[in-house]
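Results of the structural survey
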Amino acid sequence: MPPMDSQHFRAALGMFATGVTIVTARGADGSLVGLTANSFNSVSLSPPLVLWSLAMRAGSLPVFARGSHYAINILAADQMPLAQRFATRDIDRFAGVAWREGAGGAPVLDGVAAVFECANRSQYEEGDHIIFVGEVDRCEARAGAQPLIFHGGRYFTELPL
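Below: a short report on this structure. Here, residues in each chain are numbered from 1, in the same order as that chain's written sequence. Whole-chain, interface and lining totals are the exception, using all residues; otherwise, since this is a predicted model, local features are given only for residues with pLDDT of at least 70 and side-chain atom pairs are given and counted only at 80 or more. To obtain the side-chain values, all non-hydrogen atoms of the structure were used and water was disregarded.

1. Some thoughts on the sheet that holds strand β1 (residues 18-19)
Backbone hydrogen bonds are what pair the strands of a sheet, in a parallel or an antiparallel way. DSSP-based pairing: two strands are paired if at least 2 bridges between them are found. Counting from the N terminus, the helices are the DSSP runs of H or I reaching at least four residues and the strands are the DSSP runs of E reaching at least two. A sheet is described by the order of its strands in space; here three strands give the open sequence β1-β11-β12, paired in antiparallel fashion. Lying at the two open borders of the sheet, with one neighbouring strand each, are β1 and β12 (154-157). Pairing of strand β11 (residues 148-151) with β12, which is carried by four bridges, proceeds in the antiparallel orientation. Across the sheet, residue Leu 148 finds its bridge partner in β12, namely Thr 157.

As structure tokens, this is what we get:
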């Protein structure tokens, strides 16, 4: 086996296919933040809990850490450009993007496959990331929506077996 290094570890993680999310929130000053993430997972049905993680070096960390709410927007297959936009640095990620105000003011993006509007329940520092656990206040799913999938550094859509 090759020695453990971050590139080797990242490549192995890339073999796990995930959905693609955009996590959004509103800062205390009213500013909007959002980023593409694939570190989303369910935690509990009762109470309804989900988690996601964010690098400690992320510029948006203070908004997510101090905010009362955020929205986890699960992207549909036709939203790859949106995933790329919210992964790009130093741009206005929300310019021209349709959204509505969700719980606690967190932006809910139009056309997503599903959304989880969450209260910021708890945070755990682990390694170089913060794990956010959210209590779901509201959720919606768009019937028949095809998911956007990320695997091996590339985007895919669902293919029936």
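2. Concerning unusual backbone geometry
With an omega of 0°, the peptide bond between Ser 46 and Pro 47 qualifies as cis. Positionally, Pro 47 belongs in the loop between β4 (41-44) and β5 (49-55). The residue Asp 90 is not glycine, and still its phi comes out positive at about 60°. Among the residues examined, Asp 90 registers a relative accessible area of 82% and is labelled exposed. Under the scheme applied here, a residue whose accessible area is under 20% of the maximum for its type counts as buried, over 50% as exposed, and between as partly exposed, the area being computed with a 1.4 Å probe on protein chains only.

3. A look at the layout of surface pockets
The gaps left among the atoms become clear once a water-sized probe is rolled over them. With a 1 Å grid spanning the protein atoms alone, the term cavity applies to any set of points in which a 1.4 Å probe fits but cannot get out, the term pocket to an open set with protein on both sides within 12 Å along at least five of seven lines, and the term lining residue to any residue with an atom within 4 Å of a point. Grid points are joined across faces, edges and corners, and a volume is the space filled by probe spheres set on the points. Taken as a whole, the largest pocket spans an internal volume of roughly 1800 Å³. Those elements that provide at least two residues to the lining of the largest pocket are α1 (6-13), β1, β3 (32-37), β5 and β11. A per-class count over the lining of the largest pocket returns 22 nonpolar, 17 polar and six charged. Taken as a whole, the second largest pocket spans an internal volume of roughly 170 Å³. Surrounding the second largest pocket, Leu 32, Val 33, Gly 34, Arg 89, Asp 90, Ile 91, Asp 92, Arg 93 and Phe 94 form its lining. Residues were grouped as follows: Ala, Val, Leu, Ile, Met, Phe, Trp, Tyr, Cys and Pro as nonpolar; Asp, Glu, Lys and Arg as charged; and all remaining residues, including Gly, as polar. Partitioning the lining of the second largest pocket into residue classes produces four nonpolar, one polar and four charged.

4. Re the side chain of Thr 24
Of note, Thr 24 is situated in strand β2 (residues 21-26). Take Thr 24: its relative accessible area is 0%, and that puts it in the buried class. Of the polar contacts made by the side chain of Thr 24, one reaches the backbone oxygen of Pro 107; its length is 2.4 Å. Ignoring sequence-local partners within four residues, the contact set of Thr 24 consists of Val 33, Gly 34, Phe 64, Tyr 70, Ala 71, Asn 73, Phe 94, Ala 106 and Pro 107. Here a polar contact is recorded for every N or O atom pair within 3.5 Å, except that within protein the pair must consist of a potential hydrogen donor and a potential acceptor, and residues adjacent in sequence are included only if both atoms are side-chain atoms. For this analysis, residues touch if any pair of their heavy atoms sits within 4.5 Å.

5. As for the sheet that holds strand β9 (residues 114-126)
Spatially, the seven strands line up as an open sheet ordered β3-β2-β6-β9-β10-β5-β4, and their pairing is antiparallel. Two strands lie at the open edges of the sheet, namely β3 and β4, each paired on one side alone. With direction set aside, neighbouring strand axes in the sheet form an average angle of 35°. Strand direction decides the pairing type here: β4 and β5, joined by three bridges, are antiparallel. When the sheet's bridge partners are listed, Ser 44 is paired in β5 with Leu 49. Fitted lines through C-alpha atoms give the axes, limited to the stretch in contact for helices. The angle between two N-to-C directions lies from 0 to 180 degrees.

Just geometry here; none of it tells us what the structure is for.
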